[in-house]
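Report on the structure
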Amino acid sequence: MGLTLQSKTKKKRTKSALIKGNDMADSRNKGAAFERDLVKRLNTFFADNDLDLTCKRNLDQYQTAGMCDIEIPGHAIEAKAYKSGWWYSPAWWVQVCEACGDRVPVLIYKFNNKAIRVCVPIYAISPGYERDNAQTVVMTLDQWFILLAKYFKEGSYGGQKKIDGERFGQLY
């Protein structure tokens, strides 16, 4: 009887391990699918803006730690897709910052049934700020594409302009 119980326990553990393994595989597949979707969107963006650029997924990231998911000139992109949540994990930001080198770290994340969000350091979109990756701003993917078009056409996200107080009051 002891052998039978031990055997059943082994089977249960094996089944449990298989289920966890499938969850991990599903998670990795979901992440890879999101990366492919982002690459497609980026390449469409480049074509729509007459930019002679293309990008692809960085497949070396799976074998080597400290690499970003997608590289575009001047930027290191980390992509995250999760089932539930509202805000990015600080660990994700640390991960992209460690992988970016001297490039702008970009975290693009999505939760099921929610808009894609992009997190970048404030200095990347407003050069008046000191280069500090801890100070970030979050925007939609479409908003980032508007800024990215400016970056590639003008060579930077743009300088700071004085705020016209009268116009500022009308906008807000």
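All residue numbers refer to positions counted from 1 along the written sequence of the respective chain. Under the rules for a predicted model, residues below a pLDDT of 70 receive no local features and side-chain atom pairs below 80 are neither given nor counted, while totals for whole chains, interfaces and linings still include all residues. Based on all heavy atoms of the structure, the side-chain values leave hydrogens and waters out of the count.

Here the focus is the overall build of the protein. Each helix is a run of DSSP H or I of at least 4 residues and each strand a run of E of at least 2, with the numbering of both proceeding from the N terminus. Within the protein, the regular secondary structure consists of five helices and five strands. Sorting the 172 residues of the protein into buried and exposed places 33% on the buried side. Summarising the internal contacts of the protein: among those between residues at least 6 apart in sequence, 50% fall at separations of at least 24. Only protein chains enter the calculation, and the probe is 1.4 Å; a residue is then buried if its accessible area is under 20% of its type maximum, exposed if over 50%, and partly exposed in between. Note on contacts: a residue pair qualifies if any of its non-hydrogen atoms lie within 4.5 Å across the two residues.

Our next topic: the nonpolar core. What is meant by a nonpolar core is a set of buried Ala, Val, Leu, Ile, Met, Phe, Trp, Tyr and Cys residues, joined one to another through side-chain atoms within 4.5 Å. If you look at the biggest cluster of nonpolar residues, it comprises 28 residues, and the most contacted ones within it are L42, I72, I108 and W144. Those elements that place two or more of their residues in this core are α1 (2–48), β1 (70–72), β2 (75–82), β3 (104–111), β4 (117–121), α3 (122–125) and α4 (141–154). Core analysis: the next-biggest nonpolar cluster, separate from the first, contains eight residues, W92, W93, Y109 and C119 among them.

Turning our attention to the pairing of β3. Along β3, seven of the eight residues are buried, which leaves the element largely enclosed by surrounding structure. Across eight bridges, the pairing between β2 and β3 is parallel. By the bridge assignment for β3, H75 is matched with V104. Clockwise travel from the first strand over the helix to the second, with the strands pointing away from the viewer, marks a crossover as right-handed. What joins β2 to β3 is helix α2 (residues 90–100), and the crossover it makes is right-handed. Strands are labelled as partners when DSSP assigns at least two bridges between them. In this structure, β3 lies alongside β4, joined through three bridges in antiparallel fashion. Looking at β4, one finds that I108 is bridged to V118. Linking β3 back to β4 in an antiparallel pair, the connection comprises five residues, with N113 at a positive phi of about 60°.

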